[in-house]
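Here is how the chains run, residue by residue.
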Amino acid sequence: MSLFERVLATTRRHDLIPPGTRVLAAVSGGADSVALALTLARLAPGHGFALAAIAHLHHGLRGPEADEDQRFVEALAARLGVPCLTAREDVAARAAEAGESIETAARRLRYAFLDAAASEARADRIATGHTADDQAETVVMRLMRGAGLHGLSAIRPRNGRVIRPLIEARRSAIEAFLRESGERWRDDASNADIAVARNRVRHEALPALKAIAGDGVVDALARTASLIQDDADELDRLAAELSAAAVLPDGALDMAVLAAASPALARRVIRAALEQAADGRFLSLEHVEAVRSLMKQGVARRIQLPGIVASREGGCIRIEPAAAVGRRPAPFETSLPVPGSAGVPEAGLVMSAEVGTVTAPELTALRARADAVAVQGVEPGRLTVRSRRPGDALRPLGAPGRRKLQDVLVDKKIGREERDRVPLVVDDRGRIIWVVGHTIADEFRVTSPEASVLLLKVRRAVGGSV
């Protein structure tokens, strides 16, 4: 199978480049990325997509050699008749500023540049030159770190709009293709530096494995990653179902729900919460396990992770950026039309209201949820979603009498720092209808399921913002 056939088969198998797609190719000048640009340029006209541009980031690390890399890539783009988008970063300086390794900073800055370049080129996909050899190296590195399925999934053919058309091609086949085509490429001398972990795996560990198991071990490791990806995807699907119950409307994690779940699913829910607060920082299994330890009595109630604080408050675990901890939120208030929806950016939520009906079984199911309620007795008019105020009180569902909201929140084990973030839905008369995620007022309980009800729902805003 030729390289063109291999790339075409991979793109079809994983639906990487649908018809009409504009693709940005990330090209460093190395053999893999040069082959990527050449194959995409040749395949594009006959397969309904366009190579929109080539993108190259100068890392500021190798002096004149890096300058030559950029000139080489610009010449390649000109020969292919596509724009070349370039930028320059002082990766070493940026790594020192962020307290990161040069490799980590380079990756972060490279993908930020590619995102910006894709927007400039109006590209739907960003293609990178990762190969089956890169896949095998990544599996070995993560095995050595003791990674779970999330890590051993390694390099996926597609991650968002980033695609890897060469992920099933061997590096030896790519170099053979370039030589047969009379194409040149640039060699990065830093790839031989065995002080870098990946280079040690590439030049020492994998050759040792090949000596034992033969050259096919690379394909076997890549195949393992592909199989693990399928298993990991199924667990991710189940974890998404668990999240509906485990993640409360304010983003806190319900410890009882997590404790009842399998460790595999609980870890995924926790990792997702960490990733939302991490702002791109590296997360390891060790960080996930540190959060799981908060569910055990007798351990610290708060732990510090890179840029993140996780704390146990009553029956919940709260995960938030370290910069946000201890910051008292400003009071908030917004109108909620009926029917309609409204964003509550201060709480990172979207509220909605609609009139409808529910059956008795549906009402029972609603009472077990934290993200939706059905109420009756609400007078026509606009509702308000706001933070608490002095003097707020209500009779919680099933309670014998009225209570201060402060006492209700204490009983619900809502931490002091979080009470001002709990949204309240109130009517035109200022009566509390729903303490979002916790209880409704007893006077608004549904007494006639067959009659019209007001359905109130809450969801996390996409990306944590409205």
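What comes next concerns the included structure. Just so we're clear, the structure is a prediction, and the values are computed from it rather than from any experiment.

Moving on: the overall build of the chain. A count of helices and strands for the chain gives 15 helices and 21 strands. Dimensions of the chain, computed from C-alpha atoms along their principal axes, come out at roughly 85 × 50 × 40 Å. The buried share of the chain, reckoned over its 466 residues, is 45%. Residue pairs at least 24 apart in sequence account for 67% of intrachain contacts in the chain once pairs closer than 6 positions are excluded. As displayed, the chain has an accessible area near 22700 Å², and 51% of this comes from carbon and sulfur atoms.

A word on the pairing of strand 10 (residues 316–321). Within strand 10, five of the six residues are buried, which leaves the element mostly enclosed by the surrounding structure. One ladder, built from two bridges, connects strand 7 (residues 253–254) with strand 10; its direction is antiparallel. When the bridges of strand 10 are listed, Asp254 appears paired with Cys316. When strand 9 (residues 308–313) meets strand 10, the two strands line up antiparallel, connected through six bridges.

With that settled, the discussion passes to the sheet that holds strand 19 (residues 432–435). Taken in spatial order, the five strands of this open sheet run 11-15-18-19-20, and their pairing is antiparallel. With one partner strand each, in any of the chains shown, strand 11 (333–336) and strand 20 (439–440) form the two edges of the open sheet. Alignment of strand 15 (residues 383–386) against strand 18 (residues 424–426), held across three bridges, turns out to be antiparallel. Directly across from Thr384, in strand 18, lies its bridge partner Val426.

Whether parallel or antiparallel, the strands of a sheet pair through hydrogen bonds between backbone atoms. Across the sheet, six strands lie side by side as 3-2-1-4-6-5; this open sheet has mixed pairing. Because the sheet does not close on itself, it has two edges, and the strands there are strand 3 (84–88) and strand 5 (158–159). Taken together, the two bridges between strand 4 (residues 125–127) and strand 6 (residues 162–163) define a ladder with parallel strand orientation. In the sheet register, Ala127 faces strand 6, and the bridge partner there is Ile163. Packing against the sheet, helix 3 (residues 64–80) makes contact with strand 2 (50–58) and strand 3, and its axis sits at approximately 170° to strand 2.

Let us now look at helix 13 (residues 285–293). For helix 13, the complete set of buried residues consists of His287, Val288, Val291 and Arg292. Across the axial projection of helix 13, the buried residues extend over an arc of 145°, all falling on one side. Looking at the packing, one finds that the buried side of helix 13 touches helix 12 (263–278), strand 8 (302–305), strand 9 and strand 10.

What follows deals with the packing of helix 2 (residues 31–43) against helix 8 (residues 171–180). In the contact formed by helix 2 and helix 8, the axes pass within 10 Å of each other and the chain directions differ by 65°. The way helix 2 lies across helix 8 gives a crossing that is left-handed. Judged by residue contacts, Ala31, Asp32, Val34, Ala35, Leu38 and Thr39 of helix 2 engage Arg171, Ile174, Glu175, Phe177 and Leu178 from helix 8. When grouped by side-chain class, the residues that make up the contact of helix 2 with helix 8 number seven nonpolar, one polar and three charged.

Below, the discussion takes up the packing of aromatic side chains. Under the counting rule described, the total for this entry stands at one aromatic pair. Plain terms: the ring middles of Phe4 and Phe177 are 5.3 Å apart, the flat faces sit at 90° to each other, and that makes the pair edge-to-face. Residue Phe4 is located in helix 1 (residues 3–13), and its partner Phe177 is located in helix 8; the two are separated by 173 residues in the primary sequence. A relative accessible area of 15% places Phe4 in the buried class. Here the basic side chain of Arg42 rests over the ring of Phe4, its NZ or CZ set 3.9 Å away from the ring centre.

In this section: the pattern of salt bridges. Under the counting rule described, the total for this entry stands at 41 salt bridges. The partner of Arg170 in a salt bridge is Asp215, and the shortest N-O contact between them spans 3.1 Å. One end of the pair, Arg170, is in the loop between strand 6 and helix 8; the other, Asp215, is in the loop between helix 9 (197–213) and helix 10 (217–246), and 45 residues separate them in sequence. Assessed through its relative accessible area of 12%, Arg170 is described here as buried. The partly exposed category is assigned to Asp215, whose relative accessible area is 43%. Between Glu333 and Arg389 there is a salt bridge, with the nearest N and O atoms lying 2.3 Å from each other.

Right, let's get into the side chain of Ser311. On the secondary structure map, Ser311 appears in strand 9. With relative accessibility at 3%, the residue Ser311 sits in the buried group. Residues in contact with Ser311, not counting those within four places in the same chain, are Leu294, Arg301, Arg302, Cys316, Ile317 and Arg318.

A word on unusual backbone geometry. A cis amide bond, omega -5°, links Val338 with the succeeding residue Pro339. One can find Pro339 in the loop between strand 11 and strand 12 (340–344). Of note in the backbone geometry, Arg122 takes a positive phi value of approximately 55° without being a glycine. Here Arg122 is to be found in the loop between helix 5 (102–120) and strand 4. If you check the backbone angles, Ala154 has positive phi at about 60° while not being a glycine. Turning to its location among the elements, Ala154 is positioned in the loop between helix 7 (149–152) and strand 5.

A word on the environment of Val291. By secondary structure assignment, the location of Val291 is in helix 13. Given a relative accessible area of 0%, Val291 falls into the buried group. Expressed as a C-alpha distance, the spacing of Val291 and Ile303, which sit 12 residues apart in the sequence, is 7.8 Å. Dropping the residues within four chain positions of it, Val291 is found in contact with Ile270, Leu274, Ile303, Leu305, Ala310, Ile317 and Ile319.

Scoring rules and cut-offs
- Per chain, residue numbering runs from 1 following the sequence as it is written.
- Owing to the predicted nature of the model, reporting of local features is limited to residues with pLDDT of at least 70; listing and counting of side-chain atom pairs is limited to 80 or more, with chain, interface and lining totals taken over all residues.
- The basis for every side-chain value is the complete set of non-hydrogen atoms in the structure, without hydrogens or water.
- Here a helix means four or more residues in a row that DSSP labels H or I, a strand means two or more in a row labelled E, and each is numbered from the N terminus.
- Categorising residues by exposure relies on relative accessible area from a 1.4 Å probe, with only protein chains included: less than 20% of the type maximum marks a residue as buried, more than 50% marks it as exposed, and the intermediate range marks it as partly exposed.
- Any pair of residues with heavy atoms lying within 4.5 Å of one another is described as a contacting pair.
- We get accessible surface area from the Shrake-Rupley algorithm with a probe of 1.4 Å; when it comes to residues, only the shown protein chains can shield them.
- A strand pair is defined by DSSP finding two or more bridges across the two strands.
- Every angle, taken between N-to-C directions, lies between 0 and 180 degrees, and every axis is a line fitted to C-alpha atoms, over only the stretch in contact when it is a helix.
- Here, the arc refers to the directions that run from the helix axis to the C-beta atoms.
- If you view the pair so one helix is near and one far, a crossing is left-handed when the near helix is turned anticlockwise from the far one by less than a right angle, and right-handed when it is turned clockwise.
- Residue classes follow a fixed rule: Ala, Val, Leu, Ile, Met, Phe, Trp, Tyr, Cys and Pro count as nonpolar, while Asp, Glu, Lys and Arg count as charged, and any other residue, Gly among them, counts as polar.
- Here the aromatic set is Phe, Tyr and Trp, taking the six-membered ring for Trp, and pairing holds for ring centres within 6.5 Å; pairs whose planes are under 30 degrees apart are stacked, those over 60 apart are edge-to-face, and all others are tilted.
- Placement of a positive charge over a ring is assigned whenever Lys NZ or Arg CZ falls within 6 Å of the ring centre and within 35 degrees of the normal to the ring plane.
- In what follows, salt bridge is the name for a side-chain nitrogen of Lys or Arg lying within 4 Å of a carboxyl oxygen of Asp or Glu.

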